[in-house]
Every structure is written in structure tokens, then in C-alpha cells.
Amino acid sequence: LARAIRSGLTEVQWQLKDPDGQTRWAHSTISDLRSDPDVMAYVVNTRDVTEQVVLESQLRHQAFHDPLTGLPNRALFTVRVTEALVQAKDTGAITAVAVVDLDGFKRVNDSHGHHAGDSVLQEVSTHLTNRLGPGIMVARLGGDEFAVLIENVGSVADAERIGTEISVHLRNEVTVGATAFETTGSVGVALAGPDENRTLNDLLRDADIAM
């Protein structure tokens, strides 16, 4: 990554490998001092900024991901759905959003504690992500509520089929300690055609009604 700060001065950020094979980041300032009779050369000042880059990456991840499950959170889901709706106007595709609520989740927390509830949420998150595969975004909106973004849907029937698949994938057994929990969930799907001026809030509202 390089950018010119002003005439004769450029900043560059490098990704390098150290002797141990670990990724490091360096930041260089390049000064064009060829016109200076005492220098007549480029001067490069470089410093290791690995810790700063890693910290910034962690903060960005925390801002857009759920700390319990590692899934995208509502903020990132909002960004991705908004982008998908804009792109759909060019491609002519249908965009679908599914809302998922786990059935009876409160009873798990009440009877076995929040540790058990957290383990169930983590297992469901992993299961949904693995089963639905790449190209379908699963996010956690909060509590036991999840959302799924399905881009480039071919037809209403395709969206309904994916909604049914999500419902089937929710039927799972999660074991926490010596206790097995049967998970099921309710699913609602809402669609946005390429010619519709719909927002994420519109889709979430309609998916909630459908659920």
C-alpha cells in the first residue's frame, strides 16, 4: 500500500516475512532529496508497525463480528445486505434475507445456565455456516436470533427451498457436558426484486412476519 503525502514524499506499507517465516508489517517514508546537493538521493526511513496493524485488524474484526460465535454481527450484515441490494439492480437478481429464531432457547438458559446456552449458540452457528456453505452469509443479530443473506436468488421457489434447508439444518443435537439438547428453529424469508427500493429493515420486518 503506497500513497503520496506531498510532492517528494511518499509513504509505503510493506508486508514481509521475518527469518522465522512470520508475517511482519513495515512502514516506510520515502523522501526524494535528489535536488538537495548534500544528499542527491532518495532517503527511506522504515519502522516495524506489526503490532499496530494487528491491533487495528482486531478492532475492525470486533466491530463487525459477534464475540461469542465469531459470526458477522448486525453492523456487518447491514453493510453486506445494502451492497447486495445495490448490486442486484445491475444484475437483475433477487436478494433474499432469512430470519432464524431458535425454539425454546430460553428454557436452555433457565434450566442449565448461560454457559449451556452459549455452547448451543456456538454449535448452531458452526453447523449453519458449514451446512449452508460459501456464498451464503450467516450473521447473529443478538440473543438466539440469526439472519441469513442469500444473494443472486434465481426465483421465489429457490428462496423457499433455501429457507426449508435452513429449517432442516437447525434440527440437530447439541451435547453440553452430559446433557443433549435437540435444537429446532423457526425461519422466515423475505425477498427483494431488483426493481424494488427495499432496505434491510424492510426485509427483516417481512421475514419476521413470515416467520
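Conventions we followed
- Residues numbered from 1 in each chain as written.
- Predicted model: local features only at pLDDT ≥ 70, side-chain atom pairs only at ≥ 80, totals over all residues.
- Heavy atoms only, no water.
- Helix = DSSP H or I, 4+ residues; strand = E, 2+ residues; numbered from the N terminus.
- Polar contact = N/O pair within 3.5 Å; in protein donor to acceptor, adjacent residues only side chain to side chain.
- Contact = heavy atoms within 4.5 Å.
- Buried < 20%, exposed > 50% of the residue type's maximum accessible area, 1.4 Å probe, protein only.
- Pairing = 2+ DSSP bridges.
- Axes fitted to C-alpha atoms, helices over the stretch in contact; angles between N-to-C directions.
- Arc of directions from axis to C-beta.
- 1 Å grid on protein atoms, 1.4 Å probe; cavity = no way out; pocket = protein on both sides within 12 Å on 5 of 7 lines; lining within 4 Å.
- Points joined across faces, edges and corners; volume = space filled by probe spheres on them.
- Nonpolar A, V, L, I, M, F, W, Y, C, P; charged D, E, K, R; others polar.

Mapped onto the elements of the fold, H127 is located in helix 4 (residues 114-132). At a separation of 3.1 Å, a polar atom in the side chain of H127 contacts the main-chain carbonyl oxygen of H169. When near neighbours in sequence (up to four residues on either side) are disregarded, H127 contacts H169 and N172.

Right, let's talk about unusual backbone geometry for a bit. One non-glycine residue, M40, adopts positive backbone phi at about 55°. Relative to the helices and strands, M40 is located in the loop between strand 3 (23-33) and strand 4 (41-48). A relative accessible area of 59% means that M40 is categorised as exposed. Its identity as a non-glycine residue notwithstanding, N152 has a phi of 55°, on the positive side. Note that N152 resides in strand 7 (residues 145-153). A relative accessible area of 56% means that N152 is categorised as exposed.

Checked against the element boundaries, R60 lands in helix 1 (residues 50-64). Between the C-alpha atom of R60 and that of I209, which follows or precedes it by 149 residues, the distance is 33 Å.

Strand 6 (residues 136-142) sits mainly inside the fold: five of its seven residues count as buried. Two elements, strand 6 and strand 7, share six bridges in a ladder whose sense is antiparallel. If you follow I136 over to strand 7, its bridge partner there is I150. Linking two consecutive strands that pair antiparallel, namely strand 6 and strand 7, is a turn of two residues; a positive phi of about 55° is found at G143 within it.

Pairing is antiparallel across the open sheet formed by four strands, whose spatial order is 6-7-5-10. Looking at the sheet topology across the chains shown, the edges are occupied by strand 6 and strand 10 (185-192). Taking the axes of each pair of neighbouring strands and ignoring which way they run, one obtains an average angle of 20° across the sheet. Pairing of strand 5 (residues 94-102) with strand 7 involves seven bridges; the strand directions are antiparallel. Pairing of A96 across the sheet is with I150, part of strand 7. Docked against the sheet, helix 6 (residues 200-210) engages strand 5, strand 6, strand 7 and strand 10, running at close to 135° with respect to strand 10.

This next bit is on helix 3 (residues 105-112). Every buried residue belonging to helix 3 is among F105, V108 and N109, and all of these are buried. One face of helix 3 carries all of its buried residues, which in axial projection span an arc of 95°. Seen from the buried face of helix 3, the exposed residues on the opposite side, beyond 90 degrees, are K106, R107, D110 and S111. Against strand 5, helix 4 and strand 9 (179-183) lie the buried residues of helix 3. Just beyond helix 3, the residue with positive phi is G113, at close to 95°.

With that out of the way, let us pick up empty space enclosed by the protein. One pass over the full model with this rule turns up one cavity of 30 Å³ or more. As a volume, the largest cavity reaches approximately 40 Å³. Surrounding the largest cavity, E123, V124, H127, L128, H169, L170, N172, V174 and T183 form its lining. Within the residue set of the lining of the largest cavity, elements represented by two or more residues are helix 4, helix 5 (156-170) and strand 8 (172-176). Considering only residue class, the lining of the largest cavity consists of four nonpolar, four polar and one charged.

Purely geometric stuff here, so don't read any function into it on its own.
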